[in-house]
Amino acid sequence: MKLSIVNYGAGNIKSIQFAFNRLGYNAVLTDDPEELIKSDKVIFPGVGEASSAMEKLKDSGLDVLIPQLNQPVLGICLGMQLMCNYTEEGNTQGLGIFDVSVKRFSNTVKVPQMGWNTVNNLKSDLFKGINERAYMYLVHSFYAEICADTIATSYYEKEYTSAIERDNFFGVQFHPEKSSRAGEQVLQNFLDL
Amino acid sequence: MLTKRIIPCLDIKDGRTVKGVNFVDLRDAGDPVVLAKQYADLGADELVFLDISATQEKRRTMHDMVLKVAAQVNIPFTVGGGISSVEDVDDLLHCGADKVSINSSAVKRPVLINELSDKFGSQCIVVAIDAKEIAGEWYVHLAGGTIPTEIKLFEWAKEVESRGAGEILFTSMNHDGTKSGFANEALAKLSELVNIPIIASGGAGTVKHFIDTFKEGKADAALAASVFHFGEIPIKDLKEELRKHNVEVRL
């Protein structure tokens, strides 16, 4: 299987590569459109700030390419947020794959949300073999609202989208590469799609 | 609900764990990678590695260790000790560390916090604060608690938050090593003062100390070393007790 990670300067790619290695797969970091198009599965990572990340995607034309991909694509954390319509972070227009907005948690809770939270209302093959209320590791200050494409929710200040799916596009707010065995199961499920 | 985190801390020197570690079924107590894996399997929520190597040269072995831990461990981990520049952090994050912890270097040059959070994001910048209560006032100390400063804990905590720290790791020197409980009063005050997570450190001796620091101390996470290393408090038992006392934990 040809597995690629979109390279646009987002941080901590190593953890994702290592997580796939533990599952017996090699994930290649690339920004070459041909390579991405030829891949069986594409991971769209993201750590950092939304507007600067979006600028980098635009610089390399990846903002146009990614929404046109036909194979399964998994956005992680900021990657998922950038696949949405709009994010309040840096007042940024996203890739518009998921028809939902991303907002900031209010200061009635500690921001960022940092740690392990449950994923609830699971409905996708992405969560095959994973129990309701399984724990996943999250670090984020912004969240996608609940929408028609929501396939998992978590609660922090309010119920929000912790995973999302539309056609061949998937997004998870949590870090499966850091979420112990449950996270590894999500990655394996993505590979099995 | 977001759970409270239990974080074992490993002191590392020249790529090996120091201080005694005495785990059940553990063959090589000195290998941080073996230990880290074991802790992840036993239900630790995160790990902290504190590099106490003396020289820059020895720090390179730290990079190898971080790479190996990242390759084998499926929970988040923080690396601290001797980090003083954007380059230091860049190297560690590239080796697979999830967060870095800075301490003395932030006090000496507070703008470092801004530089790091601007470049890497607040989420991976932990500011560690060692403080000691002297005549009713908490003062920040440097270099592993050996050098006192005039800086007041609560003012410094506010400042590191405003400069972009994503989390504060607070160690009470009055409590560290005493096994008499965490500094819950100061912790609760910190937690109300700032809007970023607080990790309690220093003083863990019993299960009740953890319950207290989450309830009275309002801590978001609790860090300890010896009670975990010597199997005095198995993490699973600790978490079961916490849950019995209505503290949300990952089990």
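If you're wondering where the values come from, they're calculated on a predicted model, not measured in any experiment.

**Q** Help me understand the packing of helix H8 (residues 207–215) of chain B against helix H10 (residues 235–244) of chain B, please; the structure alone is not making it clear to me.
**A** A pair of packed helices is captured by two measures, namely the crossing angle of their axes and the spacing between those axes. Residues and elements named next belong to chain B. At a minimum axis distance of 10 Å, the contact between H8 and H10 shows a crossing angle of 50°. Our classification of the angle between H8 and H10 gives oblique. Read as a crossing pair, H8 and H10 show a hand that is right-handed. Here Val207, Phe210, Ile211 and Phe214 of H8 lie close against H10, whose contacting residues are Leu238, Glu241 and Leu242.

**Q** Quick question: what am I supposed to make of the UniProt feature "active site" (unreviewed entry) in chain A here?
**A** Under the UniProt annotation, the feature "active site" (unreviewed entry) is placed at A:Cys77, A:His175 and A:Glu177. Annotated residues spanning 101 residues; largest pairwise C-alpha distance 11.0 Å, indicating a single compact cluster. Among the secondary structure elements, A:Cys77 is positioned in the loop between strand E4 (73–76) and helix H5 (78–82). Each residue touching A:Cys77, except ones within four places of it in the same chain, is listed here: A:Gly46, A:Val139, A:Val172, A:Gln173, A:Phe174 and A:His175. In this fold, A:Glu177 is placed in the loop between strand E13 (169–172) and helix H6 (180–192). Discounting chain neighbours no more than four positions away, the residues touching A:Glu177 are A:Ser15, A:Ile16, A:Ala19, A:Arg22, A:Ile76, A:Leu187 and B:Asn74. Here the side chain of A:Glu177 touches A:His175 through a polar contact of 2.8 Å, side chain to side chain.

**Q** How should the pairing of strand E1 (residues 3–6) of chain A be read in this particular structure?
**A** Within a regular strand, side chains alternate between the sheet's two faces. Residue and element names in this part refer to chain A. Burial of the side chains of E1 extends over both faces: Leu3 and Ile5 are buried on one face and Ser4 and Val6 on the other. Relative to strand E3 (residues 41–44), E1 runs parallel, the two sharing three bridges. Following the sheet pairing, leucine 3 is matched in E3 by lysine 41. Pairing analysis gives four bridges linking E1 to strand E2 (residues 27–30), with the strands arranged parallel. Following the sheet pairing, leucine 3 is matched in E2 by alanine 27.

**Q** How should I be thinking about the pattern of salt bridges in this particular structure?
**A** Should their charged atoms come close, side chains of opposite charge can pair. Within this structure, the stated rule accounts for 22 salt bridges over all chains. Here A:Glu35 ties to A:Lys2 by a salt bridge, and the two come within 2.7 Å at their closest N and O atoms. Taken together, the residues A:Glu35 in helix H2 (residues 33–38) and A:Lys2 in the segment before E1 connect sequence positions 33 residues apart. By relative accessible area, A:Glu35 is classed as partly exposed at 24%. Accessibility expressed as a relative area gives 27% for A:Lys2, which makes it partly exposed. Here B:Glu115 and B:Arg109 are joined by a salt bridge, their closest N and O atoms 3.0 Å apart. For B:Glu115, a relative accessible area of 30% gives the class partly exposed. Classification of B:Arg109 by relative accessible area gives partly exposed; the value is 37%.

**Q** For this particular structure, what's the right way to read helix H3 (residues 50–59) of chain A?
**A** The periodicity of an α-helix, 3.6 residues per turn, causes residues three or four positions apart to be oriented the same way. Residues and elements named next belong to chain A. The complete set of buried residues in H3 reads Ala50, Ala53, Met54 and Leu57. One face of H3 carries all of its buried residues, which in axial projection span an arc of 100°. Among the structural elements, E3, helix H4 (62–65), H5, strand E5 (84–87) and strand E6 (92–93) are those in contact with the buried residues of H3. Positive backbone phi, approximately 75°, marks glycine 61, located one or two places after H3.

Conventions used here
- Residues numbered from 1 in each chain as written.
- Chains lettered and ligands numbered in written order.
- Predicted model: local features only at pLDDT ≥ 70, side-chain atom pairs only at ≥ 80, totals over all residues.
- Heavy atoms only, no water.
- Axes fitted to C-alpha atoms, helices over the stretch in contact; angles between N-to-C directions.
- Helix = DSSP H or I, 4+ residues; strand = E, 2+ residues; numbered from the N terminus.
- Parallel < 35°, antiparallel > 145°, perpendicular 65-115°, else oblique.
- Left-handed = near helix turned anticlockwise from the far one by under 90°.
- Contact = heavy atoms within 4.5 Å.
- UniProt positions renumbered as here; feature names shortened; annotations may be inferred.
- Polar contact = N/O pair within 3.5 Å; in protein donor to acceptor, adjacent residues only side chain to side chain.
- Buried < 20%, exposed > 50% of the residue type's maximum accessible area, 1.4 Å probe, protein only.
- Pairing = 2+ DSSP bridges.
- Salt bridge = Lys/Arg side-chain N within 4 Å of Asp/Glu carboxyl O.
- Arc of directions from axis to C-beta.

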